[in-house]
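Examination of the molecular architecture
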Amino acid sequence: MPDLDAIEQKRRVWERMYRGILIDGHVADHTWQLGMGDPPIFSAIDVPKMVRQLKDANVQYVYFDAIAIGGTFYNSEIYPQYKHPALGDYDFFGDFVQECDKQGILPCGYLLMNFYFTGRMAVENPNWRQKHPDGQDITQQRGNLTQPMYHVCINSSGREFYLTCAREITEKYDLAAYWLDGIEVPNCFCDHCRDRFKADTGLDMPLSEDGLHMKELRKWRHCIVDEYCRELREVIHSVRPEALVARNFWGGFWVGRRSNREWELFDPETNADTQDFISHETGGGNAVCSIWPRMLRAMAGDDKAVEMEVWRYNYPQPVGTQQIKSVPWLLAEMCSVIANGAKIQLYDNMYPDGTLEPVMIERVGTAYRYIEQCEPWLRGAEPVPYVGVFWSKHARELHATEGVARKPFLGVCQGLLRSQIPFGGLTNRGITPNALKKFSVVILPDINCMTEEEADAIRSYVANGGGLIVTFETSLYDLEGKRRQDFLLADVLGVRYVGDALTLNSFLKVTENHPVTEGIDKRMTLASQNNQQIVVQCETAKALGKLLYSYRNTYGAPPSHEETGYGGLFVNQYGHGRVVYFPGDLGTIYYDYGQPEYRRLLINAIRWVEGSAAPVVVEAPTSVEVTIYKQELKDRLIVHLVNFQSQTGRVYAPLPAANRWIGSHIEDVLPVYDLLLRILIPNGKRPGRVYEAPKGTTLEYCQDGRYIEVMIPKLDIHTMIAIELI
């Protein structure tokens, strides 16, 4: 029997580290293809120097290639023919692991487990390749490669190759963690998949997007991926039960139909169960580094670490143009990650000759030295709950296109970030009375598809004093995508469904004075911006505004005052709780256009419905993000302030939509001065020392009931306010 205490102690070593790096060595098999001007492959390998560079950069753990695009980087006794030919007999991976041990860096493994394969492996195993419905190979052309790359079908014998390699690597090398990349949902129609789909389901595989049983095929494919992930983890744990295993969780929140990818039925909750920690690839950017860790924490639960990958360059960029990020840019993203409760994995590329970029390593070192100073205030910290935002896998499945499902969620989250409102993620598993009660406010951003059990949990939550904010078509559909005659939450909302607005461009006209409409000029009409609204009739709710239609026979005309007779914004009392309902898609409108009036309505709604006082209140520019944590063992509160300023406002043209959530370049960050914070002291406690960390500067404060007020003279990129409780 394994020693569970010993396993836990070994895992805790890695889990307590915050400064990781992944060295990507995807160098194609040069005997098969070589781009013009490429240097001799792996001609300048110097492993002691490479590891020393990482050590100087304050890196604590590193993922290094054992299996990459060009072949294996270790000496396999089972598959020696698939070693990267440029390495000969040299065990690059083994040498790297040994040198990391010598220099005090924790070695971890990067394994590419089915996405791309090239060279001899591809030539000798045509039966491993994924196929289109017409039997042609699924390939991908990337960068300057002269030959295509193939995708491995995990229902072929290629699966056994990867499982065997995972076992062999684990037996040969003592690795703390594994990062399994390339495990994507196979959009494959090969004979292996057709036969297994028939055996598992009794159905013939559909060969077109609208074919019979296509939904069953997508679900089956995702079950196959979960099965493969479980097998890989079981193989590794059978040899080293203490090793931590995760797949690249990229795609967990991407939705809709994409070429060769089918995220729309990907179940991130069940896939998270196949992993020991949750790690997500991303190019960076304020929203990504802030929102994704919160959602990954919701997926992971309380017992799994979360890791966010920050890239050396902005994404998306053409391969080969990966410009190095500036230090302020790296720091802003890294500080966003730690402020949202995750570890950092810096992604970097190894040059084809086997060397690292010295300027990048130097900049990482500068950033990581600051992160190291912050770590005493990170370990063991748990977020103080306030607002919970629901992301539903069922609602995602109902939408047909990528973006349509994520915009309501991301738009609301971005509005909260820019308003310094602490919030956490909620997933379908979290919609239970016990999980909901910790939040003062719950937001349902167009959760169109809802189960009876979820609706009952929401109903109970509000009746017992919870605050609820709802938008658009929430609860109007069942799990099969059929529209109900009325909202499943109609009694909670206090309205009944009538139909859809007659025009795509409709408008909200605020008419009533109310805390929810405070600061909104009633002379204005607020546009829905090509997002249709829902027409509802009041029951117990009160309308705070009117739904207006625009001119229907003109283009570019200002909004009319054509009355519809229906309301455009509603408040309701349900049991002991308060509810605000927006019949328009507030999240999508804000995501697409950033209208400040909609953000104001959202924040007003939170303040009006909140079931308990906010843990922290800050008035700051929209570039400032705020999170708050409790360190139980230290008995202190930690407030993070991150000043994330991109240069998007200074560019000639708007950023492409693909870049909106990735972020723009950061050359400098302008300080913010004289920030006033109001921090809620827990019942039964009183404040002791209040100081700025990691500086250690003591801060004066004054008491106002249960709140203390603290003035921050200057915020550059990041700081923490620590309140010792007594």
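Residues numbered from 1 in each chain as written. Predicted model: local features only at pLDDT ≥ 70, side-chain atom pairs only at ≥ 80, totals over all residues. Heavy atoms only, no water.

**Section: the overall build of the protein**
Put simply, the rule reads: To qualify as a helix, a DSSP run of H or I must reach at least 4 residues; to qualify as a strand, a run of E must reach at least 2; elements of each kind are numbered from the N terminus. Accessible area is worked out with a 1.4 Å probe on protein chains only. A residue is then buried under 20% of its type maximum, exposed over 50%, and partly exposed in between. A contact between two residues is defined here by any heavy atoms of the two lying within 4.5 Å.
On a plain count of helices and strands, the protein comes out with 18 helices and 34 strands. Counting only residues that meet the buried cut, the protein has 60% of its 726 residues in that class. Of the contacts formed within the protein by residues at least 6 apart in sequence, a portion of 76% connects residues at least 24 apart.

**Quick notes on the state of the cysteines**
Stated formally: In what follows, a disulfide is any cysteine sulfur pair within 2.5 Å.
Within the structure shown, the criterion is met by zero disulfides. With no disulfide of its own, cysteine 100 lies closest to cysteine 108 among cysteine sulfurs, the gap being 8.7 Å.

**Some words on helix 10 (residues 327-339)**
Heads up, the rule is: Here a helix's expected span is defined as the number of its residues, less one, multiplied by 1.5 Å.
The end-to-end C-alpha separation of helix 10 is 18 Å, in line with the 18 Å expected for 13 residues at 1.5 Å each. Within helix 10 the residues assigned to the buried category are Trp329, Leu330, Leu331, Ala332, Glu333, Met334, Cys335, Ser336, Val337, Ile338 and Ala339.

**Some words on the pairing of strand 17 (residues 441-445)**
The side chains of a regular strand alternate between the sheet's two faces. To keep things clear, this is the line we draw: Two strands form a pair only when DSSP identifies at least two bridges running between them.
Counting buried residues along strand 17, five of its five residues qualify, which places the element largely inside the surrounding structure. Along strand 17, one buried face is formed by Val441, Ile443 and Pro445 and the opposite face, lined by Val442 and Leu444, is buried too. Inspection of the sheet shows strand 15 (residues 387-390) paired to strand 17 by three bridges, in the parallel sense. Each bridged residue has a counterpart across the sheet, and for valine 389 the counterpart in strand 17 is isoleucine 443.

**So, helix 13 (residues 406-417)**
Between its first and last C-alpha, helix 13 extends 16 Å over twelve residues, near the 16 Å set by a 1.5 Å rise per residue. For helix 13, the tally of buried residues reaches eleven of twelve residues, placing the bulk of the element in the interior. Of the positions making up helix 13, those classed as buried are Arg406, Pro408, Phe409, Leu410, Gly411, Val412, Cys413, Gln414, Gly415, Leu416 and Leu417.

**What about the packing of aromatic side chains?**
Quick note on the threshold: The rule is short: rings of Phe, Tyr and Trp, with Trp giving its six-membered ring, pair when the centres are within 6.5 Å, and they are stacked under 30 degrees, edge-to-face over 60, tilted in between. Here, over-ring charges are defined by two tests on the NZ atom of lysine or the CZ atom of arginine: distance to the ring centre within 6 Å, and angle to the ring normal within 35 degrees.
With the rule as written, the count across this model stands at 26 aromatic pairs. A centroid spacing of 6.3 Å and a plane angle of 90 degrees characterise the contact between tyrosine 74 and tyrosine 173, whose relative ring orientation is edge-to-face. Here tyrosine 74 is found in the loop between strand 3 (71-72) and helix 3 (92-103), whereas its partner tyrosine 173 is found in the loop between helix 5 (158-172) and strand 7 (177-181), with 99 residues between them in sequence. Judged by centre distance (5.7 Å) and plane angle (70 degrees), the rings of phenylalanine 487 and tyrosine 581 are edge-to-face. Taken together, the residues span a long stretch of sequence, with phenylalanine 487 in the loop between strand 18 (467-471) and helix 16 (490-493) and tyrosine 581 in strand 25 (residues 577-582) at a distance of 94 residues. Given a relative accessible area of 4%, phenylalanine 487 falls into the buried group. Grouped by ring-pair contacts, the aromatic residues Phe42, Phe64, Phe73, Tyr74, Tyr90, Phe92, Phe93, Phe96 and Tyr173 constitute a single cluster. Over the ring of tryptophan 14 we find lysine 343, and its NZ or CZ is 3.8 Å from the ring centre. Residue placement shows arginine 689 over the ring face of tyrosine 691; its charged tip is 4.1 Å from the ring centre.

**Observations regarding the pairing of strand 28 (residues 636-643)**
The buried fraction of strand 28 amounts to eight of the eight residues, a majority that puts the element mostly inside the structure. Residue alternation in strand 28 divides its side chains into two sets, Arg636, Ile638, His640 and Val642 and Leu637, Val639, Leu641 and Asn643, and both sets are buried. Inspection of the sheet shows strand 27 (residues 624-631) paired to strand 28 by eight bridges, in the antiparallel sense. Within the sheet, the bridge partner assigned to tyrosine 629 lies in strand 28 and is isoleucine 638. Taking the residues that link successive antiparallel strands as the turn, the strand 27-strand 28 hairpin has four residues, and the phi of aspartate 635 there is positive, at about 50 degrees. Both strand 28 and strand 34 (residues 718-725) contribute to a ladder of seven bridges, which runs antiparallel. Residue leucine 641 lies in a different strand from strand 34, and its bridge partner there is threonine 719.

**Focus on the packing of helix 6 (residues 191-201) against helix 7 (residues 214-239)**
What counts is decided by this rule: All axes are obtained by fitting lines to C-alpha atoms, using only the stretch in contact for helices, and the reported angles, taken between N-to-C directions, cover 0 to 180 degrees. Orientation categories follow fixed angle ranges, with anything under 35 degrees roughly parallel, anything over 145 roughly antiparallel, 65 to 115 roughly perpendicular, and all other angles oblique. Each residue gets one label: Ala, Val, Leu, Ile, Met, Phe, Trp, Tyr, Cys and Pro are nonpolar, Asp, Glu, Lys and Arg are charged, and the others, such as Gly, are polar.
Where helix 6 meets helix 7, the axes come as close as 11 Å, and the angle between the chain directions of the two elements is 100 degrees. Comparing the axis directions of helix 6 and helix 7 gives the class roughly perpendicular. Contact with helix 6, carried on its side by Cys193, Arg196, Phe197, Asp200 and Thr201, involves Glu216, Leu217, Trp220, Ile224 and Glu227 of helix 7 and no other residues of that element. Split into classes, the residues belonging to the contact of helix 6 with helix 7 amount to five nonpolar, one polar and four charged.

**A look at the sheet that holds strand 20 (residues 506-510)**
In spatial order, the strands read 16-15-17-18-25-24-23-20-21; together these nine strands make up an open sheet with mixed pairing. Looking at strand neighbours, the two that pair on one side only are strand 16 (423-426) and strand 21 (526-527), the edges of this open sheet. Looking at chain direction, strand 20 and strand 21 are connected through two bridges and run antiparallel. Opposite phenylalanine 507, over in strand 21, you have alanine 527 as the bridge partner.

**Overview of the nonpolar core**
One broad rule of soluble globular proteins: the nonpolar side chains tend to lie buried together. Selection criterion: Grouping buried Ala, Val, Leu, Ile, Met, Phe, Trp, Tyr and Cys residues that are joined through side-chain atoms within 4.5 Å yields what is termed a nonpolar core.
By size, the foremost hydrophobic cluster in this structure holds 159 residues, and its most contacted members are Leu416 and Ile606. Broken down by element, this core gets its largest block of residues, ten residues, from helix 7. Among the nonpolar cores identified, the runner-up in size contains 35 residues, and Phe390, Met450, Val462 and Val579 belong to it.

**A closer look at the confidence of the model for the protein**
Note the following rule: The score called pLDDT rates the predictor's confidence residue by residue, from a low of 0 to a high of 100.
Model confidence for the protein is summarised by a mean pLDDT of 88, while 88% of its residues fall at 70 or above. pLDDT under 50 marks residues 254-264. Its contacts with residues more than four places away, or in other chains, come to 46 contacts.

**Brief notes about the sheet that holds strand 26 (residues 616-618)**
Spatially, 26-29-33-32 is the arrangement adopted by the four strands of the open sheet, whose pairing is antiparallel. Of all the strands in the sheet, the pair left with one neighbour each is strand 26 and strand 32 (701-704). Each strand axis lies, on average, 25 degrees off the axis of its neighbour in the sheet, ignoring direction.

**Quick look at the environment of aspartate 276**
Condition: Two N or O atoms form a polar contact when they lie within 3.5 Å of each other; inside protein one atom must be a possible hydrogen donor and the other a possible acceptor, and for residues adjacent in sequence the pair counts only when both atoms belong to side chains.
Considering the arrangement of structural elements, one finds aspartate 276 in the loop between helix 8 (268-272) and strand 11 (278-280). The exposure class of aspartate 276 is buried, given its relative accessible area of 9%. Aspartate 276 sits 33 residues away from alanine 243 along the chain, and the two C-alpha atoms are 8.8 Å apart. When near neighbours in sequence (up to four residues on either side) are disregarded, aspartate 276 contacts Arg11, Arg233, His237, Ala243, Leu244, Val245 and Lys304. At 3.0 Å, the side chain of aspartate 276 forms a polar contact with the side chain of arginine 233.

**Considering the packing of helix 13 against helix 17 (residues 586-593)**
Relative orientation of the contacting elements helix 13 and helix 17 amounts to 70 degrees, with a least axis distance of 7 Å. Accordingly, the angle class assigned to the pair helix 13 and helix 17 is roughly perpendicular. Where helix 13 abuts helix 17, its residues Arg406, Lys407, Pro408, Leu410, Gly411, Val412, Gln414 and Gly415 lie against Leu586, Gly587, Thr588, Tyr590, Tyr591 and Asp592. Residues belonging to the contact of helix 13 with helix 17 are distributed by class as follows: six nonpolar, five polar and three charged.

**So, unusual backbone geometry**
Here the bond from alanine 693 into proline 694 is cis, since omega is 5 degrees, no more than 30 degrees from zero. Its place among the elements puts proline 694 in the loop between strand 30 (687-693) and strand 31 (697-698). We note that aspartate 446 has phi near 50 degrees; this positive angle belongs to a residue other than glycine. Relative to the assigned elements, aspartate 446 resides in the loop between strand 17 and helix 15 (452-463). By relative accessible area, aspartate 446 is classed as buried at 4%. Phi at serine 475 takes a positive value of approximately 70 degrees, unusual for a residue other than glycine. Secondary-structure assignment places serine 475 in the loop between strand 18 and helix 16.

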